[in-house]
Amino acid sequence: MLKLRIFTAIILGGVLLLGLFALEPRWTVPAFGAVFTVGAWEWAAFGGLRTVPARLCYTGAIALLLVLSWRWTGDPGRLETLLGLACVWWLIAFGWLLLAPERHQPQLTLVCGVLVLVPPFLALARLDGAHHGQVSGPMIVLWLVFLVIAADIGAFLVGRTLGKRKLAPRVSPGKTWEGALGGLAAVALVAWGGAVHFGLPAPRAVAFGCAIGVFSVVGDLTESMFKRTAGLKDSGRLLPGHGGMLDRIDSVTAAAPLYALGLFSSGVLA
């Protein structure tokens, strides 16, 4: 299973790099849209939609919202407003995780899918078209990916060797506080490297990176919460050894809106 996970991860990494750096800009937005449309198909099962027609209707509705929100956020002010609201949602999700992870209604879950899927699509698509000096949008997106991967790998390695105190036993029994702190340490290192590469103040970049790391953990746990309530082990079977699309982008769904909001609202990106 580990070899299969590694092989799939290598393939996914190659596809990501090709998509970011080989695709023409006019194709990257539909590519991001396709990823989150697949995520919508999987999220439909979290909300109790089991038949193909019902899941297709929900998926189509999310796809339409992706298109409409893309057009609506052509204005920077509107984009920042939507990203800010998305960050508020993830703070609410964090409280949900802490206080009542068992309380769910299928209809509410389907509504939450809009909040989980639409903002990160906008964040990634708008980031890909931005720039910072001579640094291109794809590199900016790739830095986000590195931050999320660092949080994941750091948490796995430290949690596996030193983990004792459960982080969220009612949602994801395998995660520990030690692992989470190890993940943040790895994120801080990657954030510092990014600050050097992009010419940003290191202390602010590291603090911002750690905030991204925290949000990535919340995104991971939130998907686990909805998945667990729906009685599902994985969100799907699309990616051998990894599960579904949502199982791979869960951390990004929470991290991307905060990342984009911070970079756009601070004037770092144009």
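Here is what the cut-offs are and how they apply
As a convention, each chain's residues are numbered from 1 in the sequence order in which they are written. Thresholds applied to this predicted model are a pLDDT of at least 70 for local features of residues and 80 or more for the giving and counting of side-chain atom pairs; totals over whole chains, interfaces and linings are not thresholded and use all residues. To obtain the side-chain values, all non-hydrogen atoms of the structure were used and water was disregarded. In this description a helix means any DSSP run of H or I spanning at least four residues, a strand means any run of E spanning at least two, and both kinds are numbered starting from the N terminus. With the radius of gyration taken over C-alpha atoms, the globule rule is written as 2.2 Å times the number of residues to the power 0.38. Here, two residues are considered to be in contact whenever any of their heavy atoms come within 4.5 Å of each other. Calculation of accessible area relied on Shrake-Rupley with a 1.4 Å probe; when residues are assessed, cover is drawn exclusively from the protein chains displayed. The sign given to each residue is positive for Lys and Arg and negative for Asp and Glu; His and the chain ends receive no count. For charged residues, the charge sits on one atom: NZ in Lys, CZ in Arg, CG in Asp, CD in Glu. By definition, a salt bridge exists where a carboxyl oxygen of Asp or Glu is found within 4 Å of a side-chain nitrogen of Lys or Arg. Each residue's exposure class comes from its accessible area (1.4 Å probe, protein chains only) as a fraction of the maximum for that residue type: buried when under 20%, exposed when over 50%, partly exposed otherwise. pLDDT runs from 0 to 100 and stands for how confident the predictor is about each residue. By disulfide we mean two sulfur atoms from cysteines, separated by a distance within 2.5 Å. Definition of nonpolar core: a set of buried residues of the types Ala, Val, Leu, Ile, Met, Phe, Trp, Tyr and Cys, connected through side-chain atoms within 4.5 Å. Lining residues are defined by having an atom within 4 Å of a point belonging to a cavity or pocket. Those points lie on a 1 Å grid over the protein atoms alone, cavities being sets where a 1.4 Å probe fits but cannot get out and pockets being open sets with protein on both sides within 12 Å along at least five of seven lines. Grid points are joined across faces, edges and corners, and a volume is the space filled by probe spheres set on the points. The residue classification treats Ala, Val, Leu, Ile, Met, Phe, Trp, Tyr, Cys and Pro as nonpolar and Asp, Glu, Lys and Arg as charged. All others, Gly included, are polar. A pair of Phe, Tyr and Trp rings is counted when the ring centres sit within 6.5 Å of each other, with Trp represented by its six-membered ring. The angle between the planes then sorts it: under 30 degrees is stacked, over 60 is edge-to-face, the rest tilted. Charges are assigned to positions over rings by a cutoff of 6 Å between ring centre and Lys NZ or Arg CZ, combined with an angular limit of 35 degrees from the ring normal.

Quick word on the overall build of the protein chain
Item 1. Within the protein chain one finds 9 helices and 4 strands.
Item 2. Ordered by position from N to C terminus, the α and β elements of the protein chain give α-α-α-α-α-β-β-α-β-β-α-α-α.
Item 3. Its C-alpha radius of gyration of 18 Å places the protein chain within 12% of the 18 Å reference for a compact globule of 270 residues.
Item 4. When contacts within the protein chain are restricted to residue pairs at least 6 apart in sequence, those whose partners lie at least 24 apart make up 73%.
Item 5. Just so you have it, the protein chain exposes about 13500 Å², and 71% of that area is on carbon and sulfur atoms.
Item 6. Side-chain charges in the protein chain split into 21 positive and 13 negative, and the spacing between the mean points of these groups amounts to 6 Å.

A short note on the pattern of salt bridges
Item 1. On inspection of all chains with the given rule, the structure shows 6 salt bridges.
Item 2. One salt bridge in this structure joins Glu24 and Arg26, with 2.9 Å as the shortest N-O distance.
Item 3. Classification of Arg26 by relative accessible area gives exposed; the value is 57%.
Item 4. Arg165 is the salt-bridge partner of Glu178, the closest N and O atoms lying 2.6 Å from each other. With Glu178 in helix H7 (residues 177–198) and Arg165 in the loop between helix H6 (137–162) and strand S3 (166–168), this pair connects stretches of sequence that are 13 residues apart.
Item 5. A residue is classified by how much of its surface remains accessible, and Glu178, at 14% relative accessible area, is buried.
Item 6. Ionic contacts of the salt-bridge type, sharing partners, join the residues Glu223, Lys227 and Asp247 into one network.

Description of the confidence of the model for the protein chain
Close reading of the predicted structure is inappropriate where its pLDDT is low.
Item 1. Summarising the model, the protein chain shows a mean pLDDT of 92, and 99% of its residues fall at 70 or more.
Item 2. Within the protein chain, the lowest mean pLDDT, 78, falls on strand S1 (residues 131–132), and the highest, 97, falls on helix H3 (residues 52–72).

Focus on the state of the cysteines
Structurally, a disulfide amounts to a covalent bond that connects the sulfur atoms of two cysteines.
Item 1. In the structure shown here, the tally under the stated rule is 0 disulfides.
Item 2. In this structure Cys87 is not part of a disulfide, and its nearest cysteine sulfur, from Cys112, lies 16 Å away.
Item 3. For Cys87, a relative accessible area of 8% corresponds to the buried category.

Thoughts on the nonpolar core
Soluble globular proteins: nonpolar side chains tend toward being buried together.
Item 1. One finds Trp43, Leu127 and Tyr259 to be the most contacted residues of the largest nonpolar core, which totals 75 residues.
Item 2. When residues of this core are assigned to their parent elements, the largest contribution, 13 residues, is made by helix H9 (residues 245–265).
Item 3. The contact partners of Leu127, leaving out residues within four places of it in the chain, are Gly137, Ile140, Val141, Tyr259, Ala260, Leu263, Phe264 and Leu269.

Thoughts on the layout of surface pockets
Item 1. Each pocket or cavity is described by its volume, and for the second largest pocket that value is around 350 Å³.
Item 2. In this structure, the second largest pocket is lined by 17 residues; those nearest its centre are Phe94, Leu167, Trp177, Val217 and Leu221.
Item 3. Mapped by element, the contributors of at least two residues to the lining of the second largest pocket are helix H4 (76–99), S3, H7 and helix H8 (202–229).
Item 4. Examining the composition of the lining of the second largest pocket, we find that 5 residues originate from one element, H8, more than from any other.
Item 5. For the lining of the second largest pocket, the per-class residue count stands at 15 nonpolar, 1 polar and 1 charged.

Points about the packing of aromatic side chains
Item 1. For the structure on display, the rule yields 9 aromatic pairs.
Item 2. Ring geometry for Trp43 versus Phe46: centroids 5.0 Å apart, planes at 55 degrees, classification tilted. Placement of both Trp43 and Phe46 in helix H2 (residues 25–46) is noted, with a separation of 3 residues, approximately one turn of the helix. Neither residue differs from the other here; Trp43 and Phe46 are each classed as buried.
Item 3. Among the aromatic residues, those joined into a cluster by ring pairs are Trp43, Phe46, Trp89, Trp90, Trp96 and Phe226.
Item 4. A cation over a ring is seen here: Arg126 above Trp70, with NZ or CZ 3.5 Å from the ring centre.

Side note on empty space enclosed by the protein
The method is simple in principle: a probe with the dimensions of a water molecule rolls over the atoms, and the space it marks as empty is what remains.
Item 1. One pass over the structure, following the stated rule, counts 1 cavity of 30 Å³ or more.
Item 2. Looking at the largest cavity, its volume works out to about 50 Å³.
Item 3. Lining the largest cavity we find His132, Ile140, Trp143, Phe198, Leu200, Tyr259, Leu263, Val268 and Leu269.
Item 4. Within the residue set of the lining of the largest cavity, elements represented by two or more residues are H6 and H9.
Item 5. Residue composition of the lining of the largest cavity, by class: 8 nonpolar, 1 polar and no charged.

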